[in-house]
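Here is what each chain is made of, one letter per residue.
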Amino acid sequence: MATMTQVKTGLVRFVDNDILPHLPTGKKVALGIYVALAANNLEAKAMQYINHPAVSVLEVVDSNGNVDIDKVYQAAVPMFNAGQRVPIQIPMIGEYMMDMTDVEKIYKYIKEA
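Residues numbered from 1 in each chain as written. Predicted model: local features only at pLDDT ≥ 70, side-chain atom pairs only at ≥ 80, totals over all residues. Heavy atoms only, no water.

## Focus: the nonpolar core
Burial of nonpolar side chains together is a common tendency in soluble globular proteins.
Line of reasoning, step 1. Core analysis: the largest hydrophobic core is formed by 24 residues, its most contacted members being Ile 19, Leu 31 and Val 103.
Line of reasoning, step 2. Elements with a minimum of two residues in this core: α1 (4-19), α2 (25-48), α4 (69-76), β2 (94-98) and α5 (100-112). (Core = buried A, V, L, I, M, F, W, Y, C linked by side-chain atoms within 4.5 Å. Buried < 20%, exposed > 50% of the residue type's maximum accessible area, 1.4 Å probe, protein only. Helix = DSSP H or I, 4+ residues; strand = E, 2+ residues; numbered from the N terminus.)

## A look at the environment of Ile 93
Line of reasoning, step 1. Among the secondary structure elements, Ile 93 is positioned in the loop between β1 (86-90) and β2.
Line of reasoning, step 2. Sequence separation between Ile 93 and Val 72 is 21 residues, and the spatial gap between their C-alpha atoms is 26 Å.
Line of reasoning, step 3. Residue contacts for Ile 93: discarding those within four places in its chain leaves Leu 23, Lys 27 and Leu 31. (Contact = heavy atoms within 4.5 Å.)

## A short note on the pairing of β2
Line of reasoning, step 1. Examined bridge by bridge, β1 and β2 share five bridges and lie antiparallel to one another. Residue pairing in the sheet places Ile 88 in a bridge with Tyr 96 of β2. (Pairing = 2+ DSSP bridges.)

## A look at the environment of Gly 65
Line of reasoning, step 1. Here Gly 65 is to be found in the loop between α3 (53-56) and α4.
Line of reasoning, step 2. In the structure, Gly 65 is positioned 63 residues away from Ala 2 in sequence and 8.8 Å away in space, judged by C-alpha atoms.
Line of reasoning, step 3. Residue contacts for Gly 65: discarding those within four places in its chain leaves Ala 2, Met 4, Met 47 and Ile 50.

## What to know about α5
Line of reasoning, step 1. A rise of 1.5 Å per residue sets the reference length of α5, with its 13 residues, at 18 Å; its end C-alpha atoms lie 18 Å apart and thus fit the reference within 8%.
Line of reasoning, step 2. Along α5, the residues that are buried comprise Met 100, Asp 102, Val 103, Ile 106, Tyr 109 and Ile 110.
Line of reasoning, step 3. On its buried face, α5 is in contact with α1, α4 and β2.
Line of reasoning, step 4. The N-terminus of α5 is capped by Asp 99, whose side-chain oxygen sits 3.0 Å from the backbone nitrogen of Thr 101. (Expected span 1.5 Å × (residues − 1). Polar contact = N/O pair within 3.5 Å; in protein donor to acceptor, adjacent residues only side chain to side chain.)

Below, the structure written as structure tokens:
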């Protein structure tokens, strides 16, 4: 299990280390500011949805807000079989092609947080 703080820290580390360096200056600044501000609200926003039926049916967040990151990781792995790349839309930035390497990095960053 990972706390919401660990999830936030891992996601921010991924953006900082693996997305921002590849963006042109203007988009890098915009996304950097957005992530810094959004990260401050992540835990509170996530806790608002913890009891929503669409979230509770997944059984990945406990009543204390801890995330079963291993369960999420195991569910994500088959989506990236055989080197598949999945497009992720980042508002105002554009498309980011995500692959298994990204999933592994995010998982590692959260575990290390």
